[in-house]
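# Chain and residue survey
Residue strings, one per chain:
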Amino acid sequence: MEEIIIKNKLKLARVEKDLTQEQLADSVGVTRQTIGLIEAGKYNPSLKLCLAMSKVLDKGLDKLFWIGGENNEK
């Protein structure tokens, strides 16, 4: 089975909201390290965490996350 790579624009959305990793982490109940790992593509967050970040950042999930290699990498 082929590994699914999740890509994200979390850092861009966070910076647009003028939030630090620490501030976003506090808002969604995780550590700053978790946010850093997600932004670096080294950790795939749960759906619950994705939804929480989407709400805080005021972005739809499709604007924050997608499967790597697909043509929707905007």
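In this section: the overall build of the protein chain. For the protein chain, the helix and strand inventory stands at five helices and two strands. Written out in order from the N terminus, the α and β elements of the protein chain read β-α-α-α-α-α-β. Seen through its principal axes, the protein chain has C-alpha atoms that stretch 35 × 20 × 20 Å. By residue count, 30% of the 74 residues in the protein chain fall in the buried class. For the protein chain, long-range pairs separated by at least 24 residues make up 56% of all intrachain contacts whose partners lie at least 6 apart in sequence. As presented, the protein chain carries roughly 5200 Å² of accessible surface, and 51% of it is formed by carbon and sulfur atoms. Of the side chains in the protein chain, 12 bear a positive and 11 a negative charge, and the two mean positions are spaced by 2 Å.

For helix H3 (residues 32–39), the set of buried residues is Thr 34, Ile 35, Ile 38 and Glu 39. An end-on view of H3 places all buried positions within 135° of arc, on one side of the element. In this structure, the buried residues of H3 make contact with strand S1 (6–8), helix H1 (10–16), helix H2 (21–28), helix H4 (47–57) and strand S2 (65–67).

For the structure on display, the rule yields two salt bridges. With a closest N to O distance of 2.6 Å, Glu 39 and Arg 14 form a salt bridge. Highlighted residues: Glu 39 in helix H3 and Arg 14 in helix H1, separated in sequence by 25 residues. Across the pair Glu 16 and Lys 59 runs a salt bridge whose closest N-O atoms are separated by 3.1 Å. Of this pair, Glu 16 sits in helix H1 while Lys 59 is found in the loop between H4 and helix H5 (61–64), placing the two residues 43 residues apart along the sequence. Note on Lys 59: relative accessible area 30%, which makes it partly exposed.

Moving on, we come to the confidence of the model for the protein chain. Across the protein chain, the average pLDDT comes to 91, with 93% of residues at or above 70. Here S1 stands out as the least confident element of the protein chain, with mean pLDDT 89; H2 is the most confident, with 98.

Cut-off values and rules
Residues numbered from 1 in each chain as written. Predicted model: local features only at pLDDT ≥ 70, side-chain atom pairs only at ≥ 80, totals over all residues. Heavy atoms only, no water. Helix = DSSP H or I, 4+ residues; strand = E, 2+ residues; numbered from the N terminus. Buried < 20%, exposed > 50% of the residue type's maximum accessible area, 1.4 Å probe, protein only. Contact = heavy atoms within 4.5 Å. Areas by Shrake-Rupley, 256 points an atom, 1.4 Å probe, with all protein chains shown as cover. Lys, Arg positive; Asp, Glu negative; His and termini not counted. Charge placed at Lys NZ, Arg CZ, Asp CG, Glu CD. Arc of directions from axis to C-beta. Salt bridge = Lys/Arg side-chain N within 4 Å of Asp/Glu carboxyl O. pLDDT = per-residue confidence, 0-100.

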